[in-house]
Amino acid sequence: MLDIKRLRNNPDEIKIGLKNKGVNIDIENILNIDNNLRLLENQTDELKHKRNVVSKEISFKKKNKEDASNAISDMQKVSKTIKTNDVKIQEYKNSINKSLLNIPNTPHTSTPIGKSEKDNVVIKEVGEKKNFNFSIKDHLELAENNSLIDFKRGAKIAGSGFPLYTGEGAKLERSIINYMLDLHTTKHGYTEIIPPFMANVNSTTTTGQLPKFGEDMYYVNEDELYLVPTAEVPVTNIHQNEILDVKELPKKYTAYSACFRREAGSYGKDTRGLQRLHQFNKVELVQFAHPKKSYEVLENIVNNAETILKNLKLPYRIIELCTGDLSFASTKCFDIELWSPATEKWLEVSSCSNFEDFQARRGNIKFRENNKVDFVHTLNGSGVATPRLMIAILENYQKEDGSIEIPEVLIPYFGKKEIQKIK
RNA sequence: GGAGAGGUGGCCGAGUCGGCUGAAGGCGGUUGCCUGCUAAGCAAUUGUACGGGUUUAAGCCUGUACCCCGGGUUCGAAUCCCGGCCUCUCCGCCA
């Protein structure tokens, strides 16, 4: 949520930011309502002040057995006015709040300006794309031949987009998750969390899924709960309505969660195999940072995520999203993409973003420094999502005989050096 | 799911038959004094949000609101009434 004071004082700056993000929002209208609100609030505060004073006088009079009926009937009128004013004030506030919740964050000044993903900037490419001297298979065929994932039965159980990992496929998936969690906790200083996989309206509003993107989530009507689309939702809300001590910052959490996404409207787009799923596994990194340090923290998160891919010896690249491709809540964002040799495409496995105080305002997450209280900056990044990582491992580590080599760092977790071809 | 108890400031904990309680008391924190150092002691200070005023600014002054949340009664509610949420205890069910 944007700061209403920023809206009052620098409306032009915000208009430019929103324009760069490709959205058009009537800020003047909000400012008008804000003006009316403050006017009425001032008047009403004065009435309330009067009521407080006179009520005390009434109390004294009654104690002294004096007549207070005039004052009381006066105050009856005042109270009536206060009541109607309060209703109006609440309407103004609701209206402003509703508008603010629907305004996206504005990009950081360093974010490259652009309209769509075509304008994203490649920051660097790391590792070499392997040259295979045999005809390679794609991850679907490999998963099938080695009995790692049973898409058909997954679909039978829940529908398409719900993969059924089987045997060594399940074990490899688990190995990947464990390896990532261990790296982040032992080498990168994160505290591990296992969060609820469902979240309420409040929590999903903090992170920005609600009110605009409710359609993207699975919703359990009876209990008014959303299945988490990412661990970012529960983990960011750990400190909802809290004031942290500045000494605690940055607070670093890593969490595994299953992620559930309806992916409404994306049918037929890169949906083969593991590319786009309704349920997938992800290890998430979340940090609560001092506002002055948050851009350093962003680099730190990118670095932590990157280390996974480096250690797995997979070719990857980092791109910076342009203003037009930035998500609703973020000011700056780096994606990490893995190379899929079979499809000759880059696959996004991580998205690392700074939200500055956007989520902190919605979730009321603050810190105290020298007796002053201010909103923290929240950041997160995938570290990383498993399905496309699985694609990259299977495809990049395949051998001519159809077996799949296990990346060195995963061997202690997987317990074997390779997966033998079965079919 | 059934029965009962309860939700007060960073924490503990008082709050009378509604009025002078933003909230006693204690702990903790901060600052000052004291002290050879530490401990102890003494004193002061110590919530948040949103307005208004003032200052170059840190700040200061001032108003309103907040004692789980939302309504209601009343001139006036932490205190009374209704609804919700959460916690605890017992019973039931269950991985």
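The preceding data block contains the structure.
Below, the structure is looked at part by part. (Residues numbered from 1 in each chain as written. Chains lettered and ligands numbered in written order. Predicted model: local features only at pLDDT ≥ 70, side-chain atom pairs only at ≥ 80, totals over all residues. Heavy atoms only, no water.)

## Looking at the side chain of E284
Structurally, the position occupied by E284 is in strand β8 (residues 279-289). Those residues in contact with E284 that sit more than four places away from it in its chain are T230, A231, E232, Y253, T254, A255, N380, G381, S382 and G383. (Helix = DSSP H or I, 4+ residues; strand = E, 2+ residues; numbered from the N terminus. Contact = heavy atoms within 4.5 Å.)

## Overview of the pairing of strand β12 (residues 365-369)
Relative to β12, strand β6 (residues 242-245) runs parallel, the two sharing 4 bridges. Residue D245 lies in a different strand from β12, and its bridge partner there is R368. Where β12 folds back onto strand β13 (residues 372-375) in an antiparallel hairpin, the turn is made up of 2 residues, including N370, whose phi is positive at roughly 50 degrees. (Pairing = 2+ DSSP bridges.)

## Brief notes about the sheet that holds β13
Spatial ordering of the open sheet is given by β6-β12-β13, a layout of 3 strands whose pairing is mixed. The sheet terminates laterally at β6 and β13, the two strands that pair on one side only. Across the sheet, the axes of successive neighbouring strands diverge by a mean angle of 35 degrees, strand direction being ignored. Relative to β13, β12 runs antiparallel, the two sharing 4 bridges. Across the sheet, the residue bridging to K366 is F375, located in β13. (Axes fitted to C-alpha atoms, helices over the stretch in contact; angles between N-to-C directions.)

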